[in-house]
Amino acid sequence: GIALATAIAQPAHAALIGGACNVADVKAGAGSSLINASACKNFGGNDDGFQALINNAFGLTGNTWNLLGKSDQSNDPVVAPNGVQSGNWSLLSSTSVNSPFVVTVKASTFFSAYLFQGLTGVTSGTFNVAGVTTGNNGQHANLSHLSVFTSEPTAIPTPALLPGLIGLGLGVLRKRRQQEQSAE
(Lines give C-alpha, C1' and ligand atoms only; values in the text may rest on other atoms or scores of the structure.)
Protein backbone atom coordinates (compact mmCIF):
# COMPACT_ATOMS: atom_id res chain seq x y z
CA GLY A 1 0.00 0.00 0.00
CA ILE A 2 0.82 3.58 -0.26
CA ALA A 3 1.78 5.26 2.95
CA LEU A 4 0.25 8.60 3.35
CA ALA A 5 2.53 11.04 5.08
CA THR A 6 0.88 13.86 6.87
CA ALA A 7 2.93 16.80 7.84
CA ILE A 8 1.90 18.28 11.11
CA ALA A 9 2.56 21.95 11.16
CA GLN A 10 4.55 22.97 14.19
CA PRO A 11 4.36 26.59 15.21
CA ALA A 12 7.66 28.26 14.46
CA HIS A 13 9.26 30.28 17.22
CA ALA A 14 8.34 33.85 16.50
CA ALA A 15 11.28 36.07 15.76
CA LEU A 16 11.38 39.02 18.13
CA ILE A 17 11.71 42.51 16.79
CA GLY A 18 12.22 45.77 18.59
CA GLY A 19 9.01 47.30 19.86
CA ALA A 20 7.63 50.80 19.94
CA CYS A 21 7.87 52.16 23.46
CA ASN A 22 5.19 54.30 25.03
CA VAL A 23 5.85 56.74 27.88
CA ALA A 24 3.15 54.95 29.91
CA ASP A 25 5.10 51.62 29.77
CA VAL A 26 7.20 52.74 32.75
CA LYS A 27 5.99 54.92 35.61
CA ALA A 28 7.87 56.36 38.58
CA GLY A 29 7.11 58.16 41.79
CA ALA A 30 6.75 57.66 45.51
CA GLY A 31 3.99 55.55 47.01
CA SER A 32 0.83 55.49 44.91
CA SER A 33 1.58 58.73 43.04
CA LEU A 34 3.11 57.46 39.78
CA ILE A 35 3.94 59.56 36.72
CA ASN A 36 4.57 58.48 33.10
CA ALA A 37 8.03 58.96 31.62
CA SER A 38 8.73 62.24 29.80
CA ALA A 39 10.17 60.44 26.75
CA CYS A 40 11.23 56.98 25.62
CA LYS A 41 13.47 55.42 22.96
CA ASN A 42 14.06 51.85 21.73
CA PHE A 43 17.49 50.28 21.21
CA GLY A 44 18.95 46.96 20.12
CA GLY A 45 21.53 45.17 22.25
CA ASN A 46 22.26 45.52 25.94
CA ASP A 47 22.13 48.64 28.12
CA ASP A 48 25.67 48.11 29.45
CA GLY A 49 27.47 51.44 29.10
CA PHE A 50 24.27 53.27 28.16
CA GLN A 51 25.12 56.12 30.55
CA ALA A 52 27.59 57.41 27.94
CA LEU A 53 24.78 57.69 25.35
CA ILE A 54 21.88 59.16 27.35
CA ASN A 55 22.52 62.85 26.63
CA ASN A 56 22.67 62.21 22.88
CA ALA A 57 19.72 59.78 22.88
CA PHE A 58 17.39 62.31 24.49
CA GLY A 59 18.90 65.56 23.17
CA LEU A 60 20.21 66.59 26.61
CA THR A 61 23.36 68.50 27.48
CA GLY A 62 25.33 69.16 30.63
CA ASN A 63 24.61 65.93 32.53
CA THR A 64 26.98 63.24 33.76
CA TRP A 65 25.13 59.91 34.01
CA ASN A 66 25.85 57.02 36.37
CA LEU A 67 24.40 53.55 36.69
CA LEU A 68 22.60 53.34 40.04
CA GLY A 69 21.93 49.64 39.63
CA LYS A 70 20.37 46.68 37.81
CA SER A 71 17.67 44.33 39.02
CA ASP A 72 19.65 41.22 38.02
CA GLN A 73 22.63 42.00 40.27
CA SER A 74 22.69 40.88 43.89
CA ASN A 75 23.05 43.46 46.67
CA ASP A 76 21.80 46.14 44.32
CA PRO A 77 19.54 49.11 45.17
CA VAL A 78 17.28 48.39 42.14
CA VAL A 79 14.68 45.64 42.63
CA ALA A 80 12.35 44.21 39.95
CA PRO A 81 10.95 40.73 39.28
CA ASN A 82 13.03 39.49 36.35
CA GLY A 83 11.38 36.94 34.06
CA VAL A 84 7.94 38.58 33.93
CA GLN A 85 6.23 40.92 31.45
CA SER A 86 5.01 43.56 33.86
CA GLY A 87 5.25 44.44 37.51
CA ASN A 88 6.58 46.83 40.10
CA TRP A 89 10.13 48.09 40.48
CA SER A 90 11.56 49.76 43.55
CA LEU A 91 14.67 51.14 45.17
CA LEU A 92 15.91 49.85 48.50
CA SER A 93 14.46 51.70 51.50
CA SER A 94 17.40 54.06 51.98
CA THR A 95 17.56 55.03 48.29
CA SER A 96 15.62 57.61 46.29
CA VAL A 97 16.37 59.50 43.09
CA ASN A 98 15.63 62.95 41.75
CA SER A 99 15.12 63.97 38.14
CA PRO A 100 16.44 63.70 35.64
CA PHE A 101 16.90 59.93 35.68
CA VAL A 102 16.46 57.11 33.18
CA VAL A 103 14.94 53.66 33.63
CA THR A 104 15.86 51.02 31.05
CA VAL A 105 13.80 47.87 30.54
CA LYS A 106 15.78 45.02 28.90
CA ALA A 107 14.07 42.03 27.28
CA SER A 108 15.69 39.58 24.84
CA THR A 109 18.16 41.50 22.66
CA PHE A 110 16.44 44.87 22.96
CA PHE A 111 15.91 47.55 25.57
CA SER A 112 13.82 50.68 25.92
CA ALA A 113 14.97 53.75 27.82
CA TYR A 114 12.51 55.98 29.70
CA LEU A 115 13.50 59.53 30.68
CA PHE A 116 11.93 61.09 33.78
CA GLN A 117 12.08 64.82 34.47
CA GLY A 118 10.58 67.04 37.16
CA LEU A 119 10.35 64.40 39.92
CA THR A 120 11.97 64.26 43.36
CA GLY A 121 12.20 61.54 45.98
CA VAL A 122 11.36 58.70 43.60
CA THR A 123 11.42 55.29 45.27
CA SER A 124 9.34 53.01 43.03
CA GLY A 125 7.32 52.52 39.88
CA THR A 126 5.77 50.08 37.45
CA PHE A 127 6.99 48.59 34.17
CA ASN A 128 5.63 46.73 31.16
CA VAL A 129 7.85 45.12 28.49
CA ALA A 130 5.20 45.62 25.77
CA GLY A 131 7.18 48.43 24.13
CA VAL A 132 10.53 46.63 24.19
CA THR A 133 9.96 43.61 21.90
CA THR A 134 7.19 42.16 19.81
CA GLY A 135 7.03 38.70 18.27
CA ASN A 136 5.18 37.79 15.09
CA ASN A 137 2.35 36.37 17.20
CA GLY A 138 2.14 39.41 19.49
CA GLN A 139 4.11 37.82 22.30
CA HIS A 140 6.68 39.81 24.23
CA ALA A 141 9.93 38.62 25.77
CA ASN A 142 10.13 38.63 29.57
CA LEU A 143 12.14 41.17 31.56
CA SER A 144 15.86 40.38 31.60
CA HIS A 145 16.62 43.29 33.92
CA LEU A 146 15.61 46.83 34.77
CA SER A 147 18.31 49.49 35.26
CA VAL A 148 18.22 52.97 36.76
CA PHE A 149 20.64 55.70 35.65
CA THR A 150 20.97 58.91 37.65
CA SER A 151 22.31 62.29 36.59
CA GLU A 152 24.59 64.84 38.10
CA PRO A 153 24.52 68.24 36.43
CA THR A 154 27.92 69.27 35.11
CA ALA A 155 29.16 72.37 36.96
CA ILE A 156 29.12 75.37 34.67
CA PRO A 157 30.35 78.73 36.01
CA THR A 158 27.39 81.03 36.49
CA PRO A 159 27.49 84.73 35.62
CA ALA A 160 27.44 85.52 39.35
CA LEU A 161 30.83 83.83 39.73
CA LEU A 162 32.48 85.70 36.85
CA PRO A 163 33.33 88.92 38.75
CA GLY A 164 35.03 86.86 41.47
CA LEU A 165 36.99 84.84 38.91
CA ILE A 166 38.06 88.02 37.10
CA GLY A 167 39.11 89.61 40.40
CA LEU A 168 41.11 86.51 41.32
CA GLY A 169 42.87 86.58 37.94
CA LEU A 170 43.68 90.29 38.28
CA GLY A 171 45.06 89.70 41.78
CA VAL A 172 47.40 86.97 40.47
CA LEU A 173 48.59 89.26 37.65
CA ARG A 174 49.17 92.16 40.06
CA LYS A 175 51.23 89.94 42.39
CA ARG A 176 53.28 88.58 39.48
CA ARG A 177 54.06 92.14 38.28
CA GLN A 178 55.10 93.18 41.80
CA GLN A 179 57.44 90.17 41.98
CA GLU A 180 58.96 91.05 38.59
CA GLN A 181 59.50 94.69 39.61
CA SER A 182 61.14 93.77 42.91
CA ALA A 183 63.43 91.32 41.12
CA GLU A 184 64.78 94.08 38.84
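Given the structure is predicted, the values throughout are model-derived calculations rather than measurements. (Residues numbered from 1 in each chain as written. Predicted model: local features only at pLDDT ≥ 70, side-chain atom pairs only at ≥ 80, totals over all residues. Heavy atoms only, no water.)

Peer 1: Can you walk me through the overall build of the protein in this structure?
Peer 2: Assigned secondary structure in the protein consists of two helices and 12 strands. Among the 184 residues that make up the protein, the fraction classed as buried is 33%. Put simply, 68% of the contacts in the protein that link residues at least 6 apart link residues at least 24 apart. (Helix = DSSP H or I, 4+ residues; strand = E, 2+ residues; numbered from the N terminus. Buried < 20%, exposed > 50% of the residue type's maximum accessible area, 1.4 Å probe, protein only. Contact = heavy atoms within 4.5 Å.)

Peer 1: So what exactly am I meant to see when it comes to the side chain of Ser-151 here?
Peer 2: Within the secondary structure, Ser-151 sits in strand β12 (residues 145–153). Accessibility expressed as a relative area gives 16% for Ser-151, which makes it buried. Among the polar contacts made by the side chain of Ser-151, one reaches the side chain of Asn-63 at a distance of 3.1 Å. Setting aside chain neighbours within four positions, we find Ser-151 in contact with Asn-63, Thr-64, Trp-65 and Pro-100. (Polar contact = N/O pair within 3.5 Å; in protein donor to acceptor, adjacent residues only side chain to side chain.)

Peer 1: Mind showing me how you'd approach the sheet that holds strand β7 (residues 86–91) here?
Peer 2: Within a sheet, adjacent strands bond to each other through the backbone by hydrogen bonds, running parallel or antiparallel. Taking strand neighbours across the sheet as the criterion, the five strands line up as β3-β2-β10-β7-β6 in an open arrangement whose pairing is antiparallel. The sheet is open, and its two borders are formed by β3 (33–36) and β6 (78–79), each paired with just one other strand. Bridge count for strand β2 (residues 26–30) against β3 is four bridges, and the pairing is antiparallel. Counterpart to Ala-30 in the pairing with β3 is Ser-33. (Pairing = 2+ DSSP bridges.)

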